[in-house]
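Structural description and commentary
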Amino acid sequence: MLSSENGVLELDLRLGATDVTIDGTTVRMLSYNGSVPGPTLHVRPGDSLRIHLHNGLDEPTNLHTHGLVVSAVGNSDNPFLRIAPGETFDYEIDLPDDHPAGVCWYHPHHHGMVADQLFAGLYGAIIVDEDDWATVPPRVVVVSDVTVVDGQVAGVSGVERMLGRTGQTLLTNGQVTPALRAPAGGRERLLVVNACSSRYLDLELAGLDAQLRGRDSVRLAQPRSTQRVVLTPGNRADLVITVPSSPVELTAAAYDRGQAGMGMMGGQSAVSPEATVLSIVPDAEAPASVVADASTTPRPDLRVAAVDATRTLTMTMGGMGGGGGMRFLIDGRAFDPNRVDQTVRVGTVEEWTIVNQSPMNHPFHLHIWPMQVVRGADSEVQTVDVRDVVDVPARQSVTVRISFDRFPGNTLYHCHILDHEDLGMMGVIQAR
Ligand code: C2O
Ligand code: CU
Ligand code: CU
């Protein structure tokens, strides 16, 4: 964990191949600074994040600070950059003073290679927090998955890419089912990041007296008791749980994310299998954590905002792409970095309906501007529900409102099943 000092967090991030140990075996992965996940970055609203990214890979990469509400141009959170092998790039990402407190993360975003690079080990957490962590910091829980064959990260088939790859091994902070030890009855704050490329995490929280305090980069106005939280790829949760008096496992239930029902993928279903995230072990000797009250700057509720424009985006799959594979499209088009697909005005609020005409779920992600979900598959949303990745279930639609209050420039929206993004399910948005 690296924390900012005097308003600045400056660090080197070195990408390269690294041997890590998973469940007693040595695995060659890719890493930031030699660890999987990479270092946790702890910053505060108003801070400047200065990252010297050294590309030690043999292919291009770049860096995306997923969830940060920051500019996407120049050397800020610019997903169009290409950092060549051997090159160093100096990012400067300035968080506004009113940046929400929340859980964010970073990963590569070079189109065509995102799923491969992430699956190989390139991800890390960014925590934006105003709380004082002097006593015990929260537990950062970065969940990912990987498939290992002969000490290497396995390659994937065309069909796996189309379904969205699921790793055979679930990793929590790079380990298989690590134990969280804490005194029984104590409160623990878990900041959970779903860094899997395609796997949904349907977290089963019954028996843990759990409270949801925030989602993605935004805290809830009021913490809410919860028995279940579904995190799509890219989603995060800020949770407080109570340590029970006997050991329990925190598990993710199997989650059906639909089917690729045609042609060569005939009837193959995409299920995220059941998995164990953590074992929670009561231990009177372990340090007790201190869970501070969540401080929250209330957000404007966009349900009552005046809407300046509406638009509909439609996600489809089908047909045959160039290589004979399935095509993944938004509004009938595959990603082209040189084409602007949506133009919005800075200072406006828009209502977007995201339509999924395919038989598989697609988690829709928009960079830098949080989305407030106002209508789900069949009902109005009754709370302020802000996310930056919104699941759009198979053959359904979801309506969100977005305040384009700042940040002129170009950035991206896409499916956060990163194989689908690499296959073209992404578009360019320009704010002006
Ligand atoms: Cu985490 Cu454009 O994504
Ligand atoms: Cu993002
Ligand atoms: Cu998708």
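Structural data are supplied above this passage.
First things first, this report covers the structure right here in the doc. The numbers attached to residues start from 1 for each chain and follow its sequence in the written order. Chains carry letters from A onward and ligands carry numbers from 1 onward, assigned in written order. With pLDDT at 70 or above as the cut-off, local features in this predicted model cover only qualifying residues; side-chain atom pairs require 80 or more to be listed or tallied, and sums for whole chains, interfaces and linings still use all residues. With hydrogens and water stripped out, all remaining heavy atoms of the structure feed into the side-chain values.

1. Description of the coordination of the copper ion (ligand 3)
Each donor-metal-donor angle would ideally measure 109.5 degrees in four-coordinate tetrahedral geometry, or 90 or 180 degrees in six-coordinate octahedral geometry. Donor criterion used throughout: N, O or S atom within 2.8 Å of the metal, extended to 3.2 Å for Na, K and Ca. Water excluded; incomplete-looking sites may result. Within the protein, His362 (ND1), Cys415 (SG) and His420 (ND1) serve as the donor atoms for the copper ion (ligand 3), at 2.0 to 2.2 Å. Motif for the copper ion (ligand 3), donor spacing along one chain: H-x52-C-x4-H. Within this pair, whereas His362 is found in strand β29 (residues 362-366), its partner His420 is found in helix α3 (residues 418-422), the two being separated by 58 residues in sequence. Pair check on accessibility: His362 and His420 agree, each one buried. Segments assigned H or I by DSSP are reported as helices when at least four residues long, segments assigned E as strands when at least two residues long, and all are numbered from the N terminus. Relative accessibility thresholds used throughout: buried, under 20% of the residue-type maximum; exposed, over 50%; partly exposed, between the two (1.4 Å probe, protein chains only).

2. Structural notes on the sheet that holds strand β9 (residues 124-128)
Taken in spatial order, the 5 strands of this open sheet run β1-β4-β9-β8-β6, and their pairing is mixed. Unpaired on one side and paired on the other, β1 (2-3) and β6 (64-66) mark the two borders of the sheet. Here, strands pair whenever DSSP counts at least two bridges between them. As paired elements, β6 and strand β8 (residues 102-107) share 3 bridges and run antiparallel to each other. Residue His66 lies in a different strand from β8, and its bridge partner there is Trp105.

3. Some words on the coordination of the copper ion (ligand 2)
Protein ligation of the copper ion (ligand 2) involves His64 (NE2) and His365 (NE2), the donor distances falling in the range 1.9 Å. Of the two residues, His64 sits in strand β6 while His365 sits in strand β29, which places them 301 residues apart along the sequence.

4. What to know about unusual backbone geometry
A cis amide bond links Val36 to the next residue, Pro37, at an omega of -5°. Positive phi, normally seen in glycine, also occurs at Asp331, with a value near 55°.

5. Looking at the pattern of salt bridges
Once their charged atoms are close, side chains differing in charge can pair, the charge on each being opposite to the other. Throughout this description, the term salt bridge denotes a Lys or Arg side-chain nitrogen within 4 Å of a carboxyl oxygen of Asp or Glu. All chains considered together, the criterion is met by 25 salt bridges. With a closest N to O distance of 3.9 Å, Arg161 and Asp419 form a salt bridge. Taken as a pair, Arg161 in helix α2 (residues 158-163) and Asp419 in helix α3 lie far apart in primary sequence, 258 residues in all. Judged by its relative accessible area of 24%, Arg161 falls in the partly exposed class. Residue class for Asp419 comes out buried when judged on its relative accessible area of 1%. Among the ionic pairs, Arg387 bridges to Asp385, the shortest N-O distance being 2.7 Å. Exposure remark for Asp385: the relative accessible area of 14% places this residue in the buried category.

Shape descriptors only; they carry no functional weight alone.
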